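The chain contents come next:
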Amino acid sequence: MHIKAPIVSKPVGASEIPEGGFGWNLDHRGTDGPILCEFCGTNHPERLDQSYTLGTVLGLQVVEECCGKVIDILYKELAEDFTQAYLEEFARNPTNPRFFFFLDKLSKVLEVAAKKVNETSAAISSSKESLSKIKNV
Ligand SMILES: [Zn+2]
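Residues numbered from 1 in each chain as written. Predicted model: local features only at pLDDT ≥ 70, side-chain atom pairs only at ≥ 80, totals over all residues.

With that out of the way, let us pick up helix α3 (residues 100-136). Between the first and last C-alpha of α3 there are 55 Å, a value that for 37 residues agrees with the 54 Å anticipated at 1.5 Å per step. With respect to burial, α3 is a largely exposed element, only zero of its 37 residues being buried. (Helix = DSSP H or I, 4+ residues; strand = E, 2+ residues; numbered from the N terminus. Expected span 1.5 Å × (residues − 1). Buried ≥ 20, exposed ≤ 12 C-beta atoms within 10 Å, placed from the backbone.)

Looking at where Ser15 falls in the secondary structure, it is placed in the segment before β1 (35-37). For Ser15, a count of 24 C-beta atoms within 10 Å corresponds to the buried category. Taking the C-alpha atoms as reference points, Ser15 and Glu65, separated by 50 residues in sequence, lie 6.5 Å from one another. Once residues lying within four places of it in the same chain are set aside, the contact partners of Ser15 are Glu64, Gly68, Lys69, Ile71 and Asp72. (Contact = placed C-beta atoms within 7 Å.)

Okay, the nonpolar core next. One finds Ile35, Cys37, Phe39, Leu54, Leu60, Val62, Val63, Cys66, Cys67, Val70 and Ile71 forming the largest nonpolar core, which totals 11 residues. Within the residue set of this core, elements represented by two or more residues are β1, β4 (60-63), α1 (64-67) and α2 (69-92). Element by element, the count of residues in this core is highest for β4, at three residues. Not counting residues up to four positions away in its chain, the partners in contact with Cys37 are Pro11, Thr42, His44, Val62, Val63, Cys66 and Cys67. (Core = buried A, V, L, I, M, F, W, Y, C linked by C-beta atoms within 7 Å.)

That's the geometry; what it means functionally is another story.
Written out as structure tokens, the structure is:
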């Protein structure tokens with residue numbers, strides 16, 4: 001798939017850098033001259049102090065400082081749908097090597113989630129106990 005025209009007519013905005021650095025921009029690279037944001041059609045003049053950060057979205061070259069925010073928007077709108085679709089794909093073929101890193105992450109995430117559930121459950125039990133003591137006074 002390659003989209004020829006800009007998707008929006010003006011810059012969307014800078015991306016929010018997630019905790020731990022650049023999460024989405026796997027082909028993160030810099031520039032050494034003027035650069036076109038293909039997502040909105042903005043021509044950026046050469047920066048002398050630092051380069052722009054580029055990525056690719058829907059086959060278009062995106063300047064992160066210009067339209068990187070589109071990733072934040074797509075994530076906010078579609079993360080749950082993508083996650084569900086990915087989990088269903090995983091469930092159909094869990095031994096596929098492409099899920100190797102996912103499996104590792106999944107077990108760590110579930111461990112953290114289970115710990116939080118236990119902590120919450122303990123806090124609720126403790127609150128119930130406190131409440132019953134108040135009632136008995
Ligand atoms: Zn742009």
